[in-house]
Amino acid sequence: MRRLFPVTDETAAPAPDQAREAPAAGPAGAEREWSLDELAAAYAYPERTTAPASGAASATATGSGAASASGAVLGAASGAVAGDLPAGPSAEPRPWLRANMVSTLDGAAQHDGRSQPISNAADMRIFGTLRALADVVLVGAETVRQEGYRPARARAEFAARRAAAGQTPAPAVAVVSAGLDLDFSLPLFTAPLVPTLILTGAAAPRDRIAAAEKAGARVLIAGDGAGVEPARAVRALAELGHTRLLTEGGPRLLGQLVAAGVLDELCLTVAPMLTAGAAQRIAGGPSVAVPSRFALVSLLEEDGFLFSRYRRV
């Protein structure tokens, strides 16, 4: 793997008289597999800073044991870089929501309904690293069904890092679902290291909420109707102490997060493949009135795959 951006002495093209010398040995320019520590440093979340608590409301228990969250998510800092986010007068940590997605050259986010066929080993290493850095993995119900989601596992390589950050051994998985049409007998609900969360609306079927809770899941109400309001979902997770947020889609959920203006960062793998067909893009749903502008933070490459990282401007 090599770093293409930002440009450093190691990534810049060598002068003509250096062209025949050995390639750079450092992590930025070397054609080698990066260690997990190097990937963790490259994809570190911004520092845990604070933001004003005004307008925020806390989660409360409903009659069925589900929690209700209200209040709007705090906006991202313009042009923020790691360790350079604004702080407010409150001690409340500011949530940071990043997405991790993969796309082919012609814009397909899936092949035959799954993302695995357009991934590779380096992409999966980054996938695992991003999970290991997160407090919670936010995912849509359809993606849970299509991809056969299992609980996130604890990884020994990241145990010390997570303990030092005050995190649980593995991230929780938070499923966004309006109707809770989920198989609660699956290990995702019955055998996670950290209880699985379900985000839904106030109009969700009471019997399905009861079934989810019986299986061991924790249900959070983050919407007044049947569906989930993205800003309230982010706020609900933050109130549980989950401020390092990661979403893996699918396209419908990512489209909702983009439309609501709550996405801070996009980690996008571009696979050197063409699939044609009618596969979904990484984000679906209605278009936004004004396109959201993101700035390139870093760009890595391995085996023709590009691993980009963008942050909201």
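Keep in mind it's a predicted model, so treat the numbers as computed, not measured.

Participant: I'm lost on the pairing of strand β9 (residues 244-247) in this one. Help?
Facilitator: In regular strands, side chains alternate between the two faces of the sheet. Burial along β9 is two-sided: the residues Arg244 and Leu246 and Leu245 and Thr247 are all buried. The pairing of strand β4 (residues 96-104) with β9 spans 4 bridges and is parallel. Across the sheet, residue Leu97 finds its bridge partner in β9, namely Leu245. Bridge count for strand β5 (residues 136-140) against β9 is 3 bridges, and the pairing is parallel. Within β9, the position partnered with Val137 by the bridge is Leu246.

Participant: Whenever I open this one, the packing of aromatic side chains confuses me. Can you help?
Facilitator: The description of two aromatic rings rests on the distance between their centres and on the angle between their planes. This model, assessed by the stated rule, comprises 2 aromatic pairs. With a centroid separation of 5.0 Å and 80 degrees between ring planes, the pair formed by Phe184 and Phe189 is classed as edge-to-face. Side by side, Phe184 and Phe189 carry an identical accessibility label, which is buried. Residues Phe305 and Phe307 carry aromatic rings whose centres are separated by 6.4 Å and whose planes lie at 15 degrees to one another, so their mutual orientation is stacked. According to the relative accessible area criterion, Phe305 is buried, its value standing at 4%. On the accessibility criterion, Phe307 (1% relative accessible area) is buried. The side chain of Arg98 reaches across the aromatic face of Tyr45, ending 4.0 Å from its centre.

Participant: Any chance you could explain unusual backbone geometry here in plain terms?
Facilitator: The general pattern is negative phi for most residues beyond glycine and trans for most peptide bonds. In this model, Phe5 is joined to Pro6 through a cis peptide bond whose omega is 0 degrees. Note that Pro6 resides in the loop between β1 (2-5) and α1 (36-42). A cis amide bond links Gly249 with the next residue in sequence, Gly250, at an omega value of 5 degrees. Of note, Gly250 is situated in the loop between β9 and α8 (251-260). The backbone of Ala276 shows a phi angle near 55 degrees, a positive value even though the residue is not glycine.

Participant: Any chance you could explain the environment of Gly113 here in plain terms?
Facilitator: On the secondary structure map, Gly113 appears in the loop between β4 and α2 (121-133). Looking at Gly113, the relative accessible area reads 26%, which means it is partly exposed. Apart from residues no more than four positions distant in its own chain, Gly113 is found in contact with Gln146 and Glu147.

Participant: Could you clarify how one ought to interpret the side chain of Thr129 in this entry?
Facilitator: Looking at where Thr129 falls in the secondary structure, it is placed in helix α2. You can call Thr129 buried: its relative accessible area is 0%. Excluding anything up to four places from it in sequence, Thr129 contacts Leu36, Leu39, Ala40, Arg155 and Phe158.

Participant: What should I look at first to understand the pattern of salt bridges in this one?
Facilitator: Any two side chains of opposite charge can pair if their charged atoms end up close together. Tallied over the entire structure, the rule returns 17 salt bridges. The salt bridge partner of Arg32 is Glu38, with a shortest N-O separation of 2.9 Å. It is possible to trace a salt-bridge network through shared partners that takes in Arg98, Glu265, Arg309 and Arg311.

Parameters at a glance
Residues numbered from 1 in each chain as written. Predicted model: local features only at pLDDT ≥ 70, side-chain atom pairs only at ≥ 80, totals over all residues. Heavy atoms only, no water. Buried < 20%, exposed > 50% of the residue type's maximum accessible area, 1.4 Å probe, protein only. Helix = DSSP H or I, 4+ residues; strand = E, 2+ residues; numbered from the N terminus. Pairing = 2+ DSSP bridges. Phe/Tyr/Trp six-rings, centres within 6.5 Å; stacked < 30°, edge-to-face > 60°. Lys NZ or Arg CZ within 6 Å of the ring centre and 35° of its normal. Contact = heavy atoms within 4.5 Å. Salt bridge = Lys/Arg side-chain N within 4 Å of Asp/Glu carboxyl O.

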